[in-house]
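Chains, contacts and geometry: an overview
Each chain is listed here by its residues.
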Amino acid sequence: MALNKQMLEENEMTGAGHARNDQYNAAAVWSIADKYRAILRDLGENPDREGLQKTPERVAKSLQFLTHGYQLDPAKILRSAMFHEEYQQMVIVKDIELYSLCEHHVLPFFGKCHVAYIPNGRIVGLSKIPRVVDAYARRLQVQERLTVEIRNCIEETLKPVGVAVVIEAQHMCMVMRGIQKQHSIATTSAFTGEFNTDKTRAEFMRLISRSSPVA
Ligand SMILES: [Zn+2]
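It should be emphasised that the depicted structure is a prediction, and the values quoted were computed from it without experimental measurement.

The rules behind the values
- Residues numbered from 1 in each chain as written.
- Predicted model: local features only at pLDDT ≥ 70, side-chain atom pairs only at ≥ 80, totals over all residues.
- Heavy atoms only, no water.
- Axes fitted to C-alpha atoms, helices over the stretch in contact; angles between N-to-C directions.
- Helix = DSSP H or I, 4+ residues; strand = E, 2+ residues; numbered from the N terminus.
- Parallel < 35°, antiparallel > 145°, perpendicular 65-115°, else oblique.
- Left-handed = near helix turned anticlockwise from the far one by under 90°.
- Contact = heavy atoms within 4.5 Å.
- Nonpolar A, V, L, I, M, F, W, Y, C, P; charged D, E, K, R; others polar.
- Buried < 20%, exposed > 50% of the residue type's maximum accessible area, 1.4 Å probe, protein only.
- Donors = N, O, S within 2.8 Å, 3.2 Å for Na, K, Ca; no water.
- pLDDT = per-residue confidence, 0-100.
- Expected span 1.5 Å × (residues − 1).
- Arc of directions from axis to C-beta.
- Salt bridge = Lys/Arg side-chain N within 4 Å of Asp/Glu carboxyl O.

1. Overview of the packing of helix α5 (residues 128-137) against helix α6 (residues 143-158)
The geometry of α5 relative to α6 is characterised by a closest axis approach of 10 Å and an angle of 135° between their N-to-C directions. On the basis of the axis angle, α5 is oblique to α6. Seen from above, α5 lies across α6 with right-handed handedness. Taken together, the residues of α6 that come into contact with α5 (itself represented by Val132, Val133, Tyr136 and Ala137) are Leu146, Glu149, Ile150 and Cys153. In terms of residue class, the contact of α5 with α6 is made up of seven nonpolar, no polar and one charged.

Right under this line is the structure:
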């Protein structure tokens, strides 16, 4: 998988938003595709029929893309754009699109992530926060751990007065597998420092629940 890493790091350096992984580890593609042909056979399909011939390879590439967060270093993403600044009010990045894979069923869960922090002498480029979310989301995850990993990364790297992370997501393993309350949204949250006080946390929750002025 080392091949991807260099490509993704180059992508980071050119500042190309969410790293779009168009290059793949050829050995891993071959190995995953080979197993996937066997899976198709086990499901009673014919992997040689026209529509499925290239499916194992596509799945292999798709899985590599959907888990490319393993190749990224989220703390490094933050450190690449940290600045000294005396601003000490809450900074909120809300409605960050989130796509991940549940590690129990390898099915998608997706929704929104809201992140806030209160700087303590250092701020971070705002665009880096969605990239940190993405770097952890593009792995096999559970929503609870994803929430805590994002919080801890910001806490440990930026050392702010406090961090808050809220994720609201819908899980395909609930929706597609016919479990009751199909449209239910799972909400998880993780806080540090100042956000553990009722007042600050309430202000954050009020601000993220407001409808967005754009889009
Ligand atoms: Zn699941």
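2. A look at the packing of helix α2 (residues 26-42) against helix α3 (residues 55-66)
Packing of α2 against α3 leaves a shortest axis separation of 8 Å and a crossing angle of 125°. Classified by the angle their axes make, α2 and α3 are oblique. Our pair here, α2 against α3, has a crossing hand that is right-handed. Here Ala28, Val29, Ile32, Ala33, Tyr36, Arg37 and Leu40 of α2 come into contact with α3, specifically with Pro56, Glu57, Val59, Ala60, Lys61, Leu63 and Gln64.

3. What to know about the environment of methionine 176
Following the sequence through the fold, methionine 176 ends up in the loop between α7 (172-175) and β7 (186-191). Look at methionine 176 and you get exposed, because its relative accessible area is 59%. Spatially, the C-alpha atom of methionine 176 lies 9.3 Å from that of leucine 107, the residues being 69 residues apart in sequence.

4. Digging into the coordination of the zinc ion
All of the protein donors around the zinc ion are Cys102 (SG), His105 (ND1) and Cys173 (SG); their distances to the metal are 2.1 to 2.3 Å. The buried category is assigned to cysteine 102, whose relative accessible area is 5%. Overall, histidine 105 belongs to the partly exposed group, its relative accessible area being 34%.

5. Describing the confidence of the model for the chain
Residue-level pLDDT values for the chain average 89, and 86% of them are 70 or greater. Between residues 1-19, whose pLDDT stays under 50, and residues either more than four places distant or in other chains, the model counts 33 contacts.

6. Structural notes on α2
Taking 1.5 Å of rise per residue, the 17 residues of α2 would be expected to cover 24 Å, and the 24 Å separating its terminal C-alpha atoms lies within 8% of that figure. Taken as a whole, α2 has its buried residues at Ala28, Val29, Ala33 and Leu40. Each buried residue of α2 lies within a common arc of 120° when the element is viewed along its axis, so the set occupies one face. Along α2, exposed side chains directed more than 90 degrees from the buried face belong to Ala27, Trp30, Lys35 and Asp42. Close packing links the buried residues of α2 with α3. The first or second residue beyond α2 is glycine 44, which carries a positive phi of 90°.

7. Considerations on the pattern of salt bridges
Any two side chains of opposite charge can pair, given that their charged atoms come close. With the rule as written, the count across this model stands at seven salt bridges. Ionic pairing is found between arginine 49 and glutamate 45, a salt bridge with its closest N-O pair at 2.9 Å. We classify arginine 49 as partly exposed; its relative accessible area is 39%. Residue classification places glutamate 45 among the partly exposed residues on the basis of a relative accessible area of 31%. Notably, a salt bridge pairs glutamate 103 with arginine 145, separated by 2.8 Å at the nearest N-O pair. With glutamate 103 in the loop between β2 (91-102) and β3 (108-118) and arginine 145 in helix α6, this residue pair connects regions lying 42 residues apart in the sequence. Among the residues examined, glutamate 103 registers a relative accessible area of 33% and is labelled partly exposed. Each of Glu103, Arg145 and Glu149 takes part in a single network of salt bridges with overlapping partners.

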